[in-house]
Amino acid sequence: MEGLYHDTDLEKSKEEISSIQNESIEGDEVRSFSETPINKSLDSEERVRLFSQMMRIRRFEERSLRAYQQGHIGGFLHLYIGQEAVAVGAVSVMSEDDHVITAYRDHGHALAVGMNMDECMAELLGKKTGCSKGKGGSMHFFAPDKNFWGGHGIVGGQTPLGLGIAYALKYKGTKGACLCFMGDGATNQGPFYESLNLASLWGLPVIYVIENNGYSMGTAESRHSAGEPLARRGEVFDVNWSVHHGHDLYEVRAAVHDALTLARTESKPSVLEIITYRYRGHSVADPDQTYRSKEEIEEYKKSKDPISLYKDILIKEECLTEELAQKIDQSAKEEADASAEFALASPNPDPSELMDDIYWETDNPTDRRSEGTMFFECPET
Amino acid sequence: MPLITYREALNQALSEEIARDSNVVLMGEEVAQFKGSYKVSEGMLENFGSDRIIDTPISEAAFSGLGIGAAMMGMRPVVEFMFWSFCYVAFDQIFNNAASVRYMSGGLINVPIVFRGPANGGTNVGATHSHTPENFAANTPGLKVICPATPADAKGMMKSAIRDNDPVCVMENTILYNLQGDVPEDNDLLVPLGKARLAMEGNDISIIAHGRSVHTAMEVAETLSEKHNVSAEVLDLRSIRPLDVDAIIETVRKTNRVLLVDENKPFCGVGAQISFLIQDRAFDYLDAPIKRVSAIDAPQAYSKVLENYQIPNHDRVLKKALEIL
Ligand SMILES: Cc1ncc(C[n+]2csc(CCOP(=O)(O)OP(=O)(O)O)c2C)c(N)n1
Ligand SMILES: [Mg+2]
């Protein structure tokens, strides 16, 4: 199975890593991540909350898929189903000084940082009540008040932005770091390497989280990238790197926590490669039949579904019962349904709003400093 | 004449030229195994093999530059951008290297490359994915740029572009890919670059357009004739650079009224250059100010409702036409 080959090599890469890796990230090899301090310190309620967040993301995505199929959403819809533990795990170890930026597969990160389903679903439907007033769409969610800087449609385009966020944090003397999420395919964009060099040269607290789901659209990793693992590409810039399992929420938390600590204490960047998998096509429009088999998808779902695995752990830890898990699922579904109703009932933006939000000063005419004509074809009033 | 889609026409052009000339290869993201994001290269990997139909990583700067380097060596690469919007990460390669190598080498080197892919709005994909950079390309001496609007032109102009000895930017349109039209079965169907097409003859007003806007212009011309007793002429530019200035001037002299329609943003858009040419060469023939309809001057909106209003649509174009009649 071409697309999953990267999984089998993970153990090998781990050996390589421990010899190269800055110790403050990997520390002693801990096999079960439930024993790492960052996970041990979680109380039962917090553990259940993480489960509930993953469930909410999955049900939101499924509901949005239905809305797309019903013709309420157009354009692209890139679903995050299968990768939930990455965003939820990573965001859960952030402090309030830390920041997030990601690519176009951004609904999971948006919900993980605390955006609500209503504003997200409304944005997907292009409604005025959406998080970007219907102007950004699926690929361009933003919530700066939650330290969430988007949602970026051009592959790799967010990698220098993450660097800049880290630069500003350091410049301002804030102790925070920037988590910059990206796909495996995005590692082949040049700006990523220019960013890695600067991150290392200037000691910037940016953490590149490569969500390696095995595919760049229909191209398996083995057909798009030379050199394994992808995280090792940090090495030539003396950037710490490591590879982790994205189906294990505790492992993601431990890895990101260590990288954040390194960023906070020594202002150093990291590259974390998190092996994960997307269950749906690249976008909803991708029939997903030319490049991987149904069996491959089923196998992953069966053995590595991050939500079922975590549910089992929580049941074993006696934090969760089957009954409570179902309740949480039910309420996630209801919340997602309600968000679709909210979005459907919301008004469309008016054409007159096209010209808002372009320049700061045309939105704030009393503080306008420049003169001259700004716009050359406007909606007729 | 067989009725085929714009997509099939492109496929035929590419296939015929690849079969005809061993220097022609097609490369880009998802062009081979996935058959192209919009299935333009369906069947081509099977027919020509992976030496000629080549999947690339998401490395536009690298594979555009690679194509230019190979073209300098005498190959004729066709480089696909999944969207022209993504050429922005390869801007230097196209706008510096492809455009200027010939000039800077005093004519010692030429760059017979084709860059192609869709460049359009109207599909609710938001600001980053909806660019129409034909005016950028046309603003750059050394580059040619064409915007075929029909299946026949998609085929004939693509073939001419591949045989051209200079870099040609072919800007297609995802919304036109399913458009059907008659396309001659001719291995040497070559539509010359720089030749406009008179899409409809008329006497009262000239609507000059390119790309998908040609179809909007045709709809408006029909409304004008049915409901307003106005006979509109529609000129499809087809090629932006080289530009068929004679055809533009001729239609202006005939109808004395001009409406320009295109999906570009207005400032320094294609229409701006054309209206300069008209006032410069045919000022005395104008009975009304030149008007234009372009995209509303904002980054492309995602919302369907907003975007449908933003790009030139039938009603906006009709209204503008009536203003000068
Ligand atoms: C510069 C650029 N080129 C191409 C695309 C089209 N595109 C969007 S996503 C994608 C694949 C990205 O794969 P990966 O980075 O692995 O992320 P994933 O989709 O798996 O989350 C491609 C080719 C784009 N958006 N930007
Ligand atoms: Mg991927």
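Model, not experiment: these values are computed from the prediction.

1. Here's the deal with empty space enclosed by the protein
Residues and elements named next belong to chain B.
- Tallied over the full model, the rule gives 7 cavities of 30 Å³ or more.
- In this structure, the largest cavity occupies an estimated 120 Å³ of space.
- Taken together, the residues of the lining of the largest cavity break down into 6 nonpolar, 6 polar and 4 charged.
- Each of two domains, domain 1 (3-182) and domain 2 (197-323), supplies a minimum of three residues to the lining of the largest cavity.

2. Quick notes on the site of ligand 1
- For ligand 1, the set of nearby residues contains 21 residues, the closest of which are A:Y104, A:R105, A:G185, A:N213 and B:E60.
- At the site occupied by ligand 1, nearby residues are drawn from chains A and B.
- The separation between an oxygen atom of ligand 1 and a polar main-chain atom of A:A186 is 2.9 Å.
- For ligand 1, a nitrogen atom lies 2.5 Å from a polar atom in the side chain of B:E60.
- Protein coverage of the free-state accessible area of ligand 1, which is 580 Å², stands at 96%.
- Taken together, the residues of the shell around ligand 1 sort by class into 9 nonpolar, 8 polar and 4 charged.

3. Side note on the sheet that holds strand β13 (residues 258-261) of chain B
Residues and elements named next belong to chain B.
- On the basis of which strands lie adjacent, the open sheet formed by 5 strands has the order β9-β11-β10-β13-β14 and mixed pairing. Every other strand in the sheet has two partners, leaving β9 (197-200) and β14 (291-293) as the edge strands with one partner each. Averaged over all pairs of adjacent strands, the angle between their axes in this sheet comes to 25°, without regard to strand direction.
- Relative to β13, strand β10 (residues 205-209) runs parallel, the two being bridged by 4 bridges. Paired with A209 across the bridge in β13 is V261.
- Sheet strands in contact with helix α9 (residues 270-282) are β10, β13 and β14, and its direction is about 160° off that of β13.

4. As for the coordination of the magnesium ion (ligand 2)
Residues and elements named next belong to chain A.
- The magnesium ion (ligand 2) binds to the protein through D184 (OD), N213 (OD1) and Y215 (O), with metal-donor distances spanning 2.1 Å.
- When the donor residues of the magnesium ion (ligand 2) are listed from N- to C-terminus, their spacing reads D-x28-N-x1-Y. Comparing N213 with Y215, the two get one shared label, buried.

5. Overview of helix α6 (residues 84-92) of chain A
- Counted residue by residue, α6(A) has 8 buried out of 9 residues, so it is predominantly covered.
- All buried positions along α6(A) are accounted for by A:E84, A:A85, A:V86, A:A87, A:V88, A:G89, A:A90 and A:V91.

6. Section: the domain arrangement of chain A
- For chain A, the domain assignment lists domain 1 (5-23 + 34-345) and domain 2 (350-381).
- Its C-alpha centre places domain 1 of chain A at a distance of 36 Å from the equivalent point of domain 2 of chain A.

7. Topic: unusual backbone geometry
- Cis geometry marks the peptide bond from A:E228 to A:P229, where omega comes out at -15°.
- In this chain, B:R241 is followed by B:P242 through a cis amide linkage whose omega measures 5°.
- The residue B:P242 is located in the loop between β12 (239-241) and α8 (245-255) in this model.
- One non-glycine residue, A:D357, lies in the positive phi region at around 75°.
- Its location among the elements puts A:D357 in the loop between α15 (322-345) and α16 (360-363).
- The phi torsion at B:C268 lies on the positive side, around 60°, for a residue other than glycine.
- Within the secondary structure layout, B:C268 lies in the loop between β13 and α9.
- B:C268 sits in the exposed class, given a relative accessible area of 55%.

8. Examining the pattern of salt bridges
- A full pass over the atoms with the stated rule returns 40 salt bridges over all chains.
- Its salt-bridge partner being A:D98, residue A:R264 comes within 2.6 Å of it at the nearest N-O pair. One end of the pair, A:R264, is in helix α12 (residues 249-266); the other, A:D98, is in the loop between α6 and β1 (99-101), with 166 residues separating them in the sequence.
- Taking the relative accessible area as the measure of exposure, A:D98 reaches 0% and is therefore buried.
- For B:K155, the salt bridge identified is with B:E16, shortest N-O distance 2.8 Å. A residue pair is termed long-range when its members are at least 10 positions apart, and B:K155 in helix α6 (residues 151-163) and B:E16 in helix α1 (residues 6-20) qualify at 139 residues.
- On the accessibility criterion, B:K155 (1% relative accessible area) is buried.
- Using a relative accessible area of 18% as the deciding quantity, one classes B:E16 as buried.
- In the salt-bridge network here, residues are joined through shared partners; they are B:E16, B:E17, B:R20, B:K155, B:K159, B:R163 and B:D188.

9. Observations regarding the packing of aromatic side chains
Residue and element names in this part refer to chain B.
- Taken as a whole and judged by the stated rule, the model has 22 aromatic pairs over all chains.
- Plain terms: the ring middles of Y6 and Y177 are 5.9 Å apart, the flat faces sit at 55° to each other, and that makes the pair tilted. Within this pair, whereas Y6 is found in helix α1, its partner Y177 is found in the loop between β7 (168-172) and β8 (180-182), the two being separated by 171 residues in sequence. Both residues of the pair, Y6 and Y177, belong to the buried class.
- Ring geometry for Y88 against F91: centres 6.2 Å apart, planes inclined by 85°, an arrangement best described as edge-to-face.

The rules we used
Residues numbered from 1 in each chain as written. Chains lettered and ligands numbered in written order. Predicted model: local features only at pLDDT ≥ 70, side-chain atom pairs only at ≥ 80, totals over all residues. Heavy atoms only, no water. 1 Å grid on protein atoms, 1.4 Å probe; cavity = no way out; pocket = protein on both sides within 12 Å on 5 of 7 lines; lining within 4 Å. Points joined across faces, edges and corners; volume = space filled by probe spheres on them. Nonpolar A, V, L, I, M, F, W, Y, C, P; charged D, E, K, R; others polar. Domains from an automatic or database assignment. Near = heavy atom within 4 Å. Polar contact = N/O pair within 3.5 Å; in protein donor to acceptor, adjacent residues only side chain to side chain. Areas by Shrake-Rupley, 256 points an atom, 1.4 Å probe, with all protein chains shown as cover. Pairing = 2+ DSSP bridges. Helix = DSSP H or I, 4+ residues; strand = E, 2+ residues; numbered from the N terminus. Axes fitted to C-alpha atoms, helices over the stretch in contact; angles between N-to-C directions. Contact = heavy atoms within 4.5 Å. Donors = N, O, S within 2.8 Å, 3.2 Å for Na, K, Ca; no water. Buried < 20%, exposed > 50% of the residue type's maximum accessible area, 1.4 Å probe, protein only. Salt bridge = Lys/Arg side-chain N within 4 Å of Asp/Glu carboxyl O. Phe/Tyr/Trp six-rings, centres within 6.5 Å; stacked < 30°, edge-to-face > 60°.

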